[in-house]
Amino acid sequence: LSDIIKEQTKELRGTQRQITRDRAALEKQEKQMEMEIKKMAKSGNREACKILAKQLVQLRKQKNRTYAVSSKVTSMSTQTKVMNSQMKMAGAMSATAKTMQAVNKKMDPQKTLQTMQDFQKENMKMGMTEDMINDTLDEIFDESGDEEESQDIVNQVLDEIGIEISGKMVRAPAAGKNLPAASPKRKTQISDDEIERQLRALGVD
């Protein structure tokens, strides 16, 4: 059927070109006849003018018919294109339906549901295991005192170089007892890059 539509479309295009050529020939003949009528009128040949005038009327009617036929051919061509488009859409839907049927046959709803439930269960187990490991690691580090020691070092460094954060002087109560009072000259704000450089120098991340 698709081949038939293509062949018909090709034939309609050919017909349209032929009608356009015929109309051009009629228009050329119309102009020649108008000139001939004017020539006969100037020479006073009224009888010839009447005959040519009747022919001119018939010629113009034929030219108008070419417009009507051309319009009809254009309409048929449009209908053919619409039909071809509808056929393609129908074919696409048919192919999609077949694909869906094949997928549905292969897919077992119960197995799919079980797979999703298994994934959720194993995901929860993995999360619980991760939480347990993190809690254990936190307990180990907390018991070792590394966290407090590291924080004491940070506080000591901040206190020594007189860093202000959010407008407040940072001091470590525990470390401050063993350190001399910081000179007022040191209580100036410094850049973040300088802070990070000082901490890296002390081995504190």
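Scroll up to find the structure.
Okay, so let's go over this structure. For clarity, every value in this text was computed on a predicted model and none was experimentally measured. (Residues numbered from 1 in each chain as written. Predicted model: local features only at pLDDT ≥ 70, side-chain atom pairs only at ≥ 80, totals over all residues. Heavy atoms only, no water.)

### Considering the overall build of the chain
Right, on to step 1. Scanning the chain for helices and strands turns up 6 helices and 2 strands.
Right, on to step 2. Along its sequence from the N terminus, the chain presents helices and strands in the succession α-α-α-α-β-β-α-α.
Right, on to step 3. In the chain, which comprises 205 residues, the proportion classed as buried is 18%.
Right, on to step 4. Sequence-distant contacts, at least 24 apart, represent 62% of the contacts inside the chain between residues at least 6 apart. (Helix = DSSP H or I, 4+ residues; strand = E, 2+ residues; numbered from the N terminus. Buried < 20%, exposed > 50% of the residue type's maximum accessible area, 1.4 Å probe, protein only. Contact = heavy atoms within 4.5 Å.)

### Structural notes on the nonpolar core
Right, on to step 1. Counting residues in hydrophobic clusters, the biggest one holds 9 residues: L26, M33, I37, M40, A48, C49, L52, L56 and L59.
Right, on to step 2. Secondary-structure elements contributing two or more residues to this core are α1 (2–43) and α2 (46–106).
Right, on to step 3. For this core, the element with the highest residue contribution is α2, accounting for 5 residues.
Right, on to step 4. Apart from residues no more than four positions distant in its own chain, L56 is found in contact with E30, M33, E34 and I37. (Core = buried A, V, L, I, M, F, W, Y, C linked by side-chain atoms within 4.5 Å.)

### With respect to α2
One turn of an α-helix holds 3.6 residues; hence residues three or four places apart share an orientation.
Right, on to step 1. With 61 residues, α2 should cover 90 Å at 1.5 Å per step; its first-to-last C-alpha distance of 90 Å lies within 8% of that length.
Right, on to step 2. Listing the buried residues of α2 in full gives A48, C49, L52, L56, L59, K63, T66, S70, V73, S77, T80 and N84.
Right, on to step 3. Structurally, α2 contributes buried residues whose contacts are with α1. (Expected span 1.5 Å × (residues − 1).)

### A short note on the packing of aromatic side chains
Right, on to step 1. Inspection of the entire model under this criterion finds 0 aromatic pairs.
Right, on to step 2. A cation over a ring is seen here: R23 above Y67, with NZ or CZ 4.2 Å from the ring centre. (Phe/Tyr/Trp six-rings, centres within 6.5 Å; stacked < 30°, edge-to-face > 60°. Lys NZ or Arg CZ within 6 Å of the ring centre and 35° of its normal.)

### Looking at a negative patch on the surface
Right, on to step 1. Among the surface-exposed residues, E130, D131, D135, D138 and E139 lie close enough to one another that they form a single negatively charged patch.
Right, on to step 2. Counting through the fold element by element, D131 comes out in helix α3 (residues 109–144). (Patch = residues over 30% accessible without salt bridge, like charges linked within 9 Å, V, L, I, M, F, W, Y side chains within 5 Å. Areas by Shrake-Rupley, 256 points an atom, 1.4 Å probe, with all protein chains shown as cover. Salt bridge = Lys/Arg side-chain N within 4 Å of Asp/Glu carboxyl O. Lys, Arg positive; Asp, Glu negative; His and termini not counted. Charge placed at Lys NZ, Arg CZ, Asp CG, Glu CD.)

### Examining α1
Right, on to step 1. Taking 1.5 Å of rise per residue, the 42 residues of α1 would be expected to cover 62 Å, and the 62 Å separating its terminal C-alpha atoms lies within 8% of that figure.
Right, on to step 2. Among the residues making up α1, those that are buried are I5, T9, L12, Q16, I19, R23, L26, E30, M33, I37 and M40.
Right, on to step 3. Close packing links the buried residues of α1 with α2.

### Thoughts on the side chain of T66
Right, on to step 1. Mapping T66 onto the fold places it in helix α2.
Right, on to step 2. Once you skip the residues sitting within four places of it in the chain, T66 turns out to touch I19, R23 and L26.

### So, the pattern of salt bridges
Right, on to step 1. Under the criterion given, the structure shown has 4 salt bridges.
Right, on to step 2. Among the ionic pairs, K125 bridges to E122, the shortest N-O distance being 3.7 Å. Here E122 and K125 lie together in helix α3, a separation of 3 residues that amounts to about one turn.
Right, on to step 3. For E122, a relative accessible area of 42% puts it in the partly exposed group.

### Some words on a positive patch on the surface
Right, on to step 1. Judged by side-chain charge, K10, R13, R17, R21 and K81 come together as a positively charged surface patch.
Right, on to step 2. Here the element with the most residues in the positive patch is α1; it accounts for 4 residues.
Right, on to step 3. Within the fold, R13 resides in helix α1.

### Quick look at the environment of V73
Right, on to step 1. As for its placement among the helices and strands, V73 is situated in helix α2.
Right, on to step 2. Distance in space between the C-alpha atoms of V73 and L12 is 6.5 Å, their sequence separation being 61 residues.
Right, on to step 3. Residues contacting V73, with those up to four places away along its chain left out, are L12, T15, Q16 and I19.

### Observations concerning the packing of α1 against α2
Right, on to step 1. Between α1 and α2, the shortest axis-to-axis distance is 9 Å and the interhelical angle comes to 165°. With respect to α2, the axis of α1 lies roughly antiparallel. In terms of crossing hand, the pair formed by α1 and α2 is left-handed. (Axes fitted to C-alpha atoms, helices over the stretch in contact; angles between N-to-C directions. Parallel < 35°, antiparallel > 145°, perpendicular 65-115°, else oblique. Left-handed = near helix turned anticlockwise from the far one by under 90°.)

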